[in-house]
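This is what each chain is made of:
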Amino acid sequence: MSKLFRNLKLRTKLIASVLTVSLVVLITISVFTHIWYQAELKNESIERLRMTSRNYAADVSKLFEDPVSTASTLSNTFGQMAAGQTADRKLAEDIVKEEIRRQARYESLWLLWEPNAFDGKDSEFITEEQRFGNETGRFAVSFYRMQGQIKYRTITETTASGSIAQSFKEMRKLTVGDPMLRTYEEGKPGVTVLSVRNPIISGGAYLGTAGIDMSVEVFEKMISEMKPYTGSSVQIINNRGMVVFRSDTTLESRPFAVEGNNSLTESITANVRAGKEMIAQAPVNGKNYYYALGPVKITGADAWSLCIAVPESSLMASVSKIIRTSSFLFFPGILLLLICVILSVNGIVRPINGANKVLNRLSLGHVSKAEQLPVKNNDEIGKMSQALNALTTGLREMLEFAEKIGKRDYSVEYHLLSDGDELGAEMLEMRNNLAESAEKEKRFKEEEECRNWVNHGLAEFAEVLRNNSNNMETLSYQMISRMVKYLDANQGGFFVVNDDDPSHPFLELTASYAYERRKYMEKKIEAGEGLVGTCYREGETIFMNDIPDGYVQITSGIGKANPRCLVIVPLKVNDIIYGIMEIASFKKIEPYQIDFLEKMGATTASTISAVKTNQHTAKLLEQSQMQSQRLSEQEEEMRQNMEEMQATQEEMYRKNLESEHAQQELSDTLAKMQSIQDTLEDEKFEIQSVMNAVDDVFMRITYDADMTLLDINDSCLELHGATREQMIGIKLTDKMNPKDIPAFRKNWDKVLAGETFKGEGIRKTRNGDKHVWYMYSPIKDASGKVHKVLMLGRFLDDM
């Protein structure tokens, strides 16, 4: 038999094989359709029912989004108004009226407040009609829609002061009521509405309720249009297990129940309360029904559910139809198959082997090995061969296109096979997306590197400023040397404004750095002199780039040179320039580096200001101490001279003016003493002027050796909000934190030993906590013993 089959012609063999296989396949399909495919289709139908219930429930959920959002927004808005004591009754009414005017679905929008909860003025505004028989009544804002107009009405006494208001107060969360008939005007037809209510809470206290009445027409219309299956019904069930809407009856509110099946009723009701999906099956009146439950999610409130009840016959109608159709087509299909095979075999056998070979290679991914098929006829087989040849050519081009894209050559072009070449269009889209992504990734990396460079630099130079804030020369050198290295530049100069003579300030080179070595030079630059002086005068950054050799001689602070790139940055804060930083480089200085230099310029200027202030303060203090000591010495000298003069006078009187020479000597001595006294008066005035200048800049307090306050200037009194009489005699440790006293006494002992100590800290004032710089310095008497301590301080926030 097998030998006979092998000797058959391909045409006969193909016909016999196709028919045999087709019969086996069709019979097998028929058998398994009833056994296996029927179960699969059933599961698919049940899953489709689940998705239908879920989608319907989602559609119903969307109907609640606007009213829930509106109620929550009103509750938050009026809760904040009441809590912030900005309650305005007219504004509250305008907001409610505007919201109902904007939302056509709303029949009524109302606010119900607890007595005096809104602004505490109910008794001033509530009319006799609104008092509802109690002392103050409740503040109620209610607007409703009637014949296209927005009208105001008074909430009924039952709602405002009865059990309904109490129930609102106890809920403390957003709720949706059952449909109910609401009559807004006597003699006018009522409107069936759903109420969305949200409590107004502030600080955990219940202030009232914001409510929205919306028409049920849109719900009824949606439910009536939900007819997913023949004989099916749709119900909306609230969280209490009550049927709110039903597609096959008029509006009613009754408990949900599956007739004759209490266990299924309880199961469905439990899943409704839990907000869960479910599929259940149960017989009803002799028919088998499927129940699909989809949760209707309401933000902030208990979920409702949508339940679809479908007869099994309707659910499985498509399965039965497929089975009937397949059975009906079985025998005609066999006959049609036989005819098609006989007519088609002759034209298929010859080219099929070549096409099969090409297709096998293409299916294995061997695009480059697929050969072109010869096309001898213009029939379907010939056109198929032409199409296969075109496909092979297109795939080869696409392979080359993909290879170049894989090598990141995004400039490669690809010509679409036709206007409908979807794969080619997607390949071009992929190329464009990859090119765009590569470009974005490149830009992102560059920007990220720049941000990291700037952030690292800010942190590094902030540490430099912090560690060198006591010495201008060290600060200048550390800043310019590190900045030259950080920018990978070649040289730099650091200039500080010298304003010792306020009428003639100039720039003074305090540090320079060139080619990895420290460069010492002395240089003074006037305002407007060269590029550095111009930068100082104009207060703006000067940047010059790509300067050809010999094009121009640049007169900079460092000297005359032709750098490729030069940037000069003013060190200024609050429009006050404290110095200039100049960087020259043969490499390009990028814009982000210039921005970094300008940011560091402001920070550096603040530090220079602080350093100069500290130096000036120390100088004033030293001068004050020296003048005080000199004054004490001169007072002692004058006292001794006065005693000597008095003794001389007495002696001369005792001798009764023995000689004119002695009298002349006495006159000279008196003149000398008068000169000394005048000098002392001048020095006292100078010392007082210095102290006044110190008082204008610093807070000043004088203590005795036991930390008792002896004197305080007006700046301190103003900050403490006290008088001089209230502050004199207070101990320094009285206002200190007890845990800080031991450490402070150690520093105090150092001051009594003749040292000066400085520090920073937080001080409480009547204007709040302030960041303070302070310094305690000893004051010695003529014997060199410390008998007083001077404290100077200044707010760093003002520096």
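Residues numbered from 1 in each chain as written. Predicted model: local features only at pLDDT ≥ 70, side-chain atom pairs only at ≥ 80, totals over all residues. Heavy atoms only, no water.

1. Focus: the side chain of Thr702
Within the secondary structure, Thr702 sits in strand β23 (residues 699-704). Among all residues touching Thr702, those that are not within four sequence positions of it are Thr708, Leu709, Leu710, Asp711, Lys788, Val789 and Leu790. (Helix = DSSP H or I, 4+ residues; strand = E, 2+ residues; numbered from the N terminus. Contact = heavy atoms within 4.5 Å.)

2. A short note on the nonpolar core
Core analysis: the largest hydrophobic core is formed by 54 residues, its most contacted members being Val60, Phe64, Phe78, Trp113, Trp304 and Leu306. With 13 residues, helix α2 (residues 10-83) is the single largest residue contributor to this core. If we skip the residues at most four places from it in the chain, Phe78 touches Ala92, Ile95, Val96, Leu111, Trp113, Phe118 and Ile200. Grouped together as the second largest cluster of nonpolar side chains are 34 residues, Val464, Ala489, Cys565 and Leu597 included. (Core = buried A, V, L, I, M, F, W, Y, C linked by side-chain atoms within 4.5 Å. Buried < 20%, exposed > 50% of the residue type's maximum accessible area, 1.4 Å probe, protein only.)

3. Let's talk about the sheet that holds strand β10 (residues 254-255)
What holds strands together in a sheet is hydrogen bonding between their backbones, with the strands either parallel or antiparallel. Spatially, β10-β9-β8-β13-β12-β11 is the arrangement adopted by the 6 strands of the open sheet, whose pairing is antiparallel. One side of each edge strand has no neighbouring strand; the edge strands of this open sheet are β10 and β11 (278-284). Bridge count for β11 against strand β12 (residues 287-296) is 7 bridges, and the pairing is antiparallel. Across the sheet, Ala280 pairs through a bridge with Tyr291, a residue of β12. (Pairing = 2+ DSSP bridges.)

4. Points about the pairing of β11
With burial as the criterion, only one face of β11 is covered, namely that bearing Met278, Ala280, Ala282 and Val284; the residues Ile279, Gln281 and Pro283 on the opposite face remain uncovered. In sequence, β11 turns back onto β12 through a hairpin of 2 residues, with Asn285 there showing a positive phi of about 55 degrees.

5. Some details on the pattern of salt bridges
One pass over the full model with this rule turns up 17 salt bridges. Taking the shortest distance from any N to any O, the salt bridge between Arg724 and Asp714 comes out at 3.1 Å. Here the residue Arg724 occupies a position in helix α19 (residues 724-727), and Asp714 occupies one in helix α18 (residues 714-720), the gap between them amounting to 10 residues. You can call Asp714 exposed: its relative accessible area is 56%. (Salt bridge = Lys/Arg side-chain N within 4 Å of Asp/Glu carboxyl O.)

6. Some thoughts on helix α20 (residues 741-752)
Given 3.6 residues to a turn, an α-helix orients residues that are three or four positions apart in the same direction. If you check α20, its first and last C-alpha atoms are 16 Å apart, about what 12 residues at 1.5 Å a residue would give, namely 16 Å. Of all the residues in α20, the buried ones are Ile741, Phe744, Trp748 and Val751. Angularly, the buried residues of α20 cover 70 degrees about the axis, an arc narrow enough to put them on a single face. Directly beyond the C-terminal end of α20, a positive phi value near 110 degrees is found at Gly754. (Expected span 1.5 Å × (residues − 1). Arc of directions from axis to C-beta.)

7. Observations regarding the environment of Pro570
Here Pro570 is to be found in strand β21 (residues 565-573). Note on Pro570: relative accessible area 6%, which makes it buried. Taking the C-alpha atoms as reference, Pro570 lies 8.7 Å from Ala605; in sequence the two are 35 residues apart. Pro570 has contacts with Cys535, Gly539, Glu540, Thr541, Ile577, Gly579, Ile580 and Gly601, leaving out every residue within four places of it along the chain.

8. Brief notes about the confidence of the model for the protein chain
The predicted model of the protein chain has a mean per-residue pLDDT of 77, with 73% of residues at 70 or higher. Note on residues 128-136: pLDDT is under 50 here. Beyond four places in sequence and across chains, it has 22 contacts. (pLDDT = per-residue confidence, 0-100.)

9. Quick notes on the environment of Asp781
Within the secondary structure, Asp781 sits in the loop between β26 (768-780) and β27 (786-795). Judged by relative accessible area, which is 30%, Asp781 ranks as partly exposed. The spacing of Asp781 and Ser632 is 149 residues in sequence and 7.7 Å in space, taken between C-alpha atoms. One polar contact links Asp781 to Ser783, side chain to side chain, over a distance of 2.7 Å. (Polar contact = N/O pair within 3.5 Å; in protein donor to acceptor, adjacent residues only side chain to side chain.)

10. Re a negative patch on the surface
Together, Glu538, Glu540, Asp595 and Glu598 make up a negatively charged patch on the protein surface. Residue position: Asp595 is located in helix α16 (residues 591-654). The class of Asp595 is partly exposed, set by a relative accessible area of 41%. (Patch = residues over 30% accessible without salt bridge, like charges linked within 9 Å, V, L, I, M, F, W, Y side chains within 5 Å. Areas by Shrake-Rupley, 256 points an atom, 1.4 Å probe, with all protein chains shown as cover. Lys, Arg positive; Asp, Glu negative; His and termini not counted. Charge placed at Lys NZ, Arg CZ, Asp CG, Glu CD.)

11. Re the packing of aromatic side chains
Enumeration according to the criterion identifies 19 aromatic pairs in this entry. Both rings, one in Phe64 and one in Phe219, keep their centres 5.2 Å apart while their planes meet at 50 degrees; by these two values the pair is tilted. Here Phe64, found in helix α2, pairs with Phe219, found in helix α7 (residues 217-224); they are 155 residues apart in sequence, far enough to count as distant. Relative to Trp748, the ring of Tyr703 lies with its centre 6.2 Å away and its plane at 85 degrees, an arrangement referred to as edge-to-face. (Phe/Tyr/Trp six-rings, centres within 6.5 Å; stacked < 30°, edge-to-face > 60°.)

12. Side note on the pairing of strand β2 (residues 140-146)
For β2, the buried fraction is high: 7 of the 7 residues fall into the buried class. Side chains Ala140, Ser142, Tyr144 and Met146 project from β2 onto one buried face, and the interleaved Val141, Phe143 and Arg145 project onto a second face that is buried too. In terms of strand pairing, strand β1 (residues 106-113) meets β2 through 5 bridges, oriented antiparallel. Pairing of Ser108 across the sheet is with Tyr144, part of β2. Here β2 pairs with strand β3 (residues 149-152) via 4 bridges, running antiparallel. Residue pairing across strands places Tyr144 opposite Lys151, the latter belonging to β3. Two successive antiparallel strands, β2 and β3, enclose a turn made up of 2 residues, where Gln147 displays a positive phi of approximately 55 degrees.

13. Describing unusual backbone geometry
Of note, the phi angle at Asp575 is positive, near 65 degrees, even though the residue is not glycine. Structurally, Asp575 is set in the loop between β21 and β22 (576-585). Taking the relative accessible area as the measure of exposure, Asp575 reaches 72% and is therefore exposed. Here Met707, not a glycine, exhibits a phi torsion of approximately 70 degrees, which is positive. Secondary-structure assignment places Met707 in the loop between β23 and β24 (709-712).

14. Concerning the side chain of Asn239
Of note, Asn239 is situated in the loop between β8 (233-237) and β9 (242-246). Engagement of the side chain of Asn239 in a polar contact is seen with the backbone oxygen of Arg273, the distance being 3.3 Å. A polar contact is formed between the side chain of Asn239 and the backbone oxygen of Ala303, at a distance of 3.3 Å. Sequence-distant contacts of Asn239, defined by excluding residues within four places in its chain, comprise Val272, Arg273, Asp302, Ala303 and Trp304.

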